[in-house]
Amino acid sequence: MMHESALIQPADTMMMKIYCRLLKLPTLPRIRHFLWKSISNVLSTREALRSAIVGEDDSCPICNLHPEFATHFIMNCTFSREVWFATLGWSSGTTGSLSEWIGSWFDSMQNGTIKESEIVNRAIIAWIIWITRCNKVFQQTNPTPEVIIHQCGIGLILRNFAGTQQSARCIYLNQVRSVEQAECMGRWKVMQWAKDLQIDRVFFEIDAKVIAHAINNDNSAIDWRLHHTVQEIKNLFSVYRN
């Protein structure tokens with residue numbers, strides 16, 4: 001008779017290392033638990049529960065355009081992409097599953113590409129996106145990306161000309177009305193940061209075309225309440241144009 005232990009398959013070494021790092025992550029236990037469920041593919045999305053709840057609508061509760069897989073809602077839903085872009089400057093270029101994506105964070109930390117604090121920031125944002133989804137499903141709230149952006153803040157990254165990250169900051173915004181306002185505040189903060197560091201030559205990156213056009217050309221297309229902030233950015237920007 002084969003011994004019982006021989007029937008147990010050995011755990012994947014890489015995943016075990018990720019789990020160990022996850023458990024030591026300096027954040028709330030509920031956020032660590034959320035990451036564990038994400039990596040283990042056991043988040044209770046509508047698609048995951050479809051076989052257990054007959055007749056249940058499995059579409060994304062926010063966009064109603066795609067089945068609600070965890071990967072879709074946390075990473076690829078237009079709602080979530082807007083949050084990731086406004087907080088960390090990420091576009092929709094991320095591929096793979098949610099489990100693979102989160103696992104890559106810990107691989108990057110192991111390789112020294114990112115710091116533990118960056119993983120914490122990403123985890124908090126992903127968790128808030130999930131909590132917002134749950135509030136929508138169970139409490140019938142009407143969430144907007146602006147609400148999450150207000151909770152998460154905006155990430156600022158300083159890289160050298162080789163593309164290597166030199167420093168990073170996260171700023172928290174109060175009373176943000178729109179993504180455009182958040183982008184403007186982020187641009188103003190990063191220019192103040194560059195000024196404080198006395199950096200003479202700076203290349204500013206921004207993917208928000210409306211804000212970039214307002215700063216470089218005409219600001220008539222944006223909310224009139226942002227005109228003063230845009231003008232202040234232009235005044236700071238003139239220092240680096242000369």
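Structure first, text after, so check above.
Residues numbered from 1 in each chain as written. Predicted model: local features only at pLDDT ≥ 70, side-chain atom pairs only at ≥ 80, totals over all residues. Heavy atoms only, no water.

## Some points on the pattern of salt bridges
Then, in step 1: Per the counting criterion, the structure on display carries three salt bridges.
Then, in step 2: The partner of R122 in a salt bridge is E118, with the nearest N and O atoms 3.1 Å apart. Within this pair, R122 and its partner E118 are both found in helix α7 (residues 116–139), separated by four residues, close to a single helical turn. This pair shows no difference in class: R122 is buried, exactly as E118 is. (Salt bridge = Lys/Arg side-chain N within 4 Å of Asp/Glu carboxyl O. Helix = DSSP H or I, 4+ residues; strand = E, 2+ residues; numbered from the N terminus. Buried < 20%, exposed > 50% of the residue type's maximum accessible area, 1.4 Å probe, protein only.)

## A look at the side chain of K234
Then, in step 1: Take K234: it is sitting in helix α11 (residues 227–241).
Then, in step 2: On the basis of relative accessibility, which here comes to 19%, the residue K234 falls in the buried class.
Then, in step 3: Within the local environment of K234, its side chain forms a polar contact with the backbone oxygen of A214, the two atoms lying 3.4 Å apart.
Then, in step 4: Of note is the side chain of K234, whose polar atom sits 3.3 Å from the backbone oxygen of N217.
Then, in step 5: Each residue touching K234, except ones within four places of it in the same chain, is listed here: A214, I215 and N217. (Polar contact = N/O pair within 3.5 Å; in protein donor to acceptor, adjacent residues only side chain to side chain. Contact = heavy atoms within 4.5 Å.)

## A look at the packing of helix α2 (residues 29–39) against helix α6 (residues 98–111)
Then, in step 1: Axis separation between α2 and α6 bottoms out at 8 Å; the angle between their running directions is 125°. When the axes of α2 and α6 are compared, the pair comes out oblique. Of the residues in α6, those touching α2 at L35, S38 and I39 are L98, S99, I102, W105 and F106.
Then, in step 2: Broken down by class, the residue content of the contact of α2 with α6 amounts to six nonpolar, two polar and no charged. (Axes fitted to C-alpha atoms, helices over the stretch in contact; angles between N-to-C directions. Parallel < 35°, antiparallel > 145°, perpendicular 65-115°, else oblique. Nonpolar A, V, L, I, M, F, W, Y, C, P; charged D, E, K, R; others polar.)

## Regarding the nonpolar core
Then, in step 1: One finds I74 and F106 to be the most contacted residues of the largest nonpolar core, which totals 36 residues.
Then, in step 2: Among the secondary structure elements, those contributing two or more residues to this core are α1 (13–23), α2, α4 (70–76), α5 (78–88), α6 and α7.
Then, in step 3: The dominant element in this core, judged by the number of residues it contributes, is α7, at ten residues.
Then, in step 4: With near-sequence residues (within four places) excluded, I74 lies in contact with F34, S80, W84, L98, W101, A126, I129 and W130.
Then, in step 5: In terms of nonpolar packing, the next biggest core, distinct from the first, is built from 16 residues, M191, W193, I215 and L226 among them. (Core = buried A, V, L, I, M, F, W, Y, C linked by side-chain atoms within 4.5 Å.)

## Some points on the side chain of E68
Then, in step 1: If you trace the backbone, E68 turns up in the loop between α3 (46–49) and α4.
Then, in step 2: A polar contact of 2.5 Å, which involves the side chain of E68, links it to the side chain of R133.
Then, in step 3: Contacts of E68, omitting those with residues within four sequence positions, involve T45, R46, E47, D58, S59, C60, P61, F73 and R133.

## Some details on the packing of α5 against α7
Then, in step 1: Between α5 and α7, the least distance of the axes is 11 Å, while the angle of their chain directions is 150°. Taken together, the axis directions place α5 and α7 in an arrangement best described as roughly antiparallel. Crossing angle aside, the handedness with which α5 passes α7 is right-handed. Contacts between α5 and α7 pair F79, S80, V83, W84, T87 and L88 from the former with E118, R122, I125, A126, I129 and T132 from the latter.
Then, in step 2: When grouped by side-chain class, the residues that make up the contact of α5 with α7 number seven nonpolar, three polar and two charged. (Left-handed = near helix turned anticlockwise from the far one by under 90°.)

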